[in-house]
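Close look at the chain arrangement
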Amino acid sequence: MASRLLWARRAASYLRISTFHRGFSTVIKDLKYADTHEWVKVDGSSATVGITDHAQDHLGDVVYVELPEVGASVVQGKNFGAVESVKATSDVNSPVSGEVVEVNTELSGSPGLVNASPYENGWIIKVKMSDTGELNSLMDSEGYSKFCEEEDAKH
């Protein structure tokens, strides 16, 4: 289903046909969210990081993802990579501090996974967190949904 949607979106873009804007984004309950539209899934001291459905929807079709090196240090709120779409290039900030222990190499050949599956196959990095207390500064799903509604109302 997701690949069909991605194909339809690309075909519509190529043919210059307007596509319906959904007006809502998927927010997963058990994740934490940064106000820069990154999500984090915590498993002990390990954190999986990606960009939210809201972010990928606003970016449009992702054509390139800049990944950090395994072993690189990331700092909460600081840039570690970028996502380039047909519309814009956007920095990706880390919602937590720590060491990158894995990168999603699938994104090198299939950057559209960020659009098709932002919370599953489109994850960007896995981090060994250095300070789990940083999670307290992130939003839960309810807070993030409200944040997105308020942000979209401003535009």
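Broken down by element type, the protein chain carries five helices and nine strands. Secondary structure of the protein chain in N-to-C order comes out as α-β-β-β-α-β-β-β-β-β-α-α-β-α. Within the protein chain, the proportion of its 155 residues that are buried is 41%. Of all intrachain contacts in the protein chain linking residues separated by at least 6 positions in sequence, the fraction that spans at least 24 positions is 66%. Accessible surface, the protein chain as shown: approximately 9,000 Å² in total, 49% of it carbon and sulfur.

With that settled, consider the sheet that holds strand E4 (residues 62–66). Here three strands make up an open sheet; going across it, the order is E4-E6-E7 and the pairing antiparallel. Of all strands in the sheet, those bounded by a partner on one side alone are E4 and strand E7 (89–93). Mean inter-strand twist for the sheet, computed between neighbouring axes without regard to direction, equals 25°. By the bridge criterion, four bridges tie E4 to strand E6 (residues 79–85) in an arrangement that is antiparallel. Residue Tyr-64 lies in a different strand from E6, and its bridge partner there is Glu-84.

Right, let's talk about the packing of aromatic side chains for a bit. By the definition in use, this model includes three aromatic pairs. Taken together, Tyr-33, Tyr-144 and Phe-147 form an aromatic cluster joined through their ring pairs. Directly above the ring of Trp-123 sits Lys-126, whose terminal nitrogen or CZ lies 4.8 Å from the centroid.

Our next topic: unusual backbone geometry. Backbone geometry follows two general trends: most residues other than glycine have a negative phi, and most peptide bonds adopt the trans configuration. In this model, His-37 sits at a positive phi of 70°, which is unusual for a non-glycine residue. Note that His-37 resides in the loop between strand E1 (32–33) and strand E2 (38–43). According to the relative accessible area criterion, His-37 is buried, its value standing at 11%.

Secondary-structure assignment places Glu-84 in strand E6. Along the primary structure Glu-84 and Val-63 are separated by 21 residues, whereas in three dimensions their C-alpha atoms are 5.8 Å apart. Sequence-distant contacts of Glu-84, that is, excluding residues within four places in its chain, are made with Asp-61, Val-62, Val-63, Tyr-64 and Thr-89.

Here we come to the confidence of the model for the protein chain. Here the protein chain averages 87 in pLDDT, and 84% of its residues register 70 or above. This model gives residues 11–23 a pLDDT under 50, and the stretch forms seven contacts once residues within four places in sequence are excluded.

Attention now moves to the environment of Leu-31. Position of Leu-31 among the secondary structure elements: in the loop between helix H1 (2–14) and E1. Of the residues examined, Leu-31 reaches a relative accessible area of 6% and is grouped as buried. Each C-alpha atom, one on Leu-31 and one on Ser-141, is 6.7 Å from the other, the two residues being 110 residues apart in sequence. Among all residues touching Leu-31, those that are not within four sequence positions of it are Trp-39, Val-40, Lys-41, Tyr-119, Met-139, Asp-140 and Ser-141.

To continue, consider the sheet that holds E1. Here six strands make up an open sheet; going across it, the order is E1-E2-E3-E9-E8-E5 and the pairing antiparallel. Only two strands of the sheet have a single partner each, and these edge strands are E1 and strand E5 (73–74). Looking at chain direction, strand E8 (residues 98–103) and strand E9 (residues 125–129) are connected through five bridges and run antiparallel. The residue of E9 that forms the bridge with Gly-98 is Met-129.

Conventions adopted
- Each chain carries its own residue numbering, running from 1 in the direction its sequence is written.
- In view of the model being predicted, local features appear only for residues whose pLDDT reaches at least 70, and side-chain atom pairs are presented and counted only at 80 or more, with totals across whole chains, interfaces and linings using the full set of residues.
- Side-chain measures were taken over the full set of non-hydrogen atoms in the model, leaving aside hydrogen atoms and water.
- Helix and strand definitions here come from DSSP, where helices need a minimum of 4 consecutive H or I residues and strands a minimum of 2 consecutive E residues; each element is numbered from the N-terminal end.
- For the exposure calls, accessible area comes from a 1.4 Å probe over protein chains only, and a residue counts as buried if that area is under 20% of its type's maximum, exposed if over 50%, partly exposed in between.
- The contact rule is simple, with two residues in contact once any of their heavy atoms fall within 4.5 Å.
- The protein chains shown are the only cover counted for residues, whose accessible areas, like all others here, come from Shrake-Rupley with a 1.4 Å probe.
- Strand pairing requires that DSSP identify at least two bridges connecting the strands.
- To define axes, lines are fitted to C-alpha atoms, for helices over the stretch in contact only, and angles between the resulting N-to-C directions are given on a 0 to 180 degree scale.
- Planes of paired rings set the category: under 30 degrees apart is stacked, over 60 is edge-to-face and the rest tilted, where pairs are Phe, Tyr or Trp rings (Trp by its six-membered ring) whose centres lie within 6.5 Å.
- Geometrically, a charge over a ring is one whose NZ (Lys) or CZ (Arg) sits within 6 Å of the ring centre while staying within 35 degrees of the ring normal.
- Each residue carries a pLDDT value, the predictor's own confidence for that position, ranging from 0 to 100.

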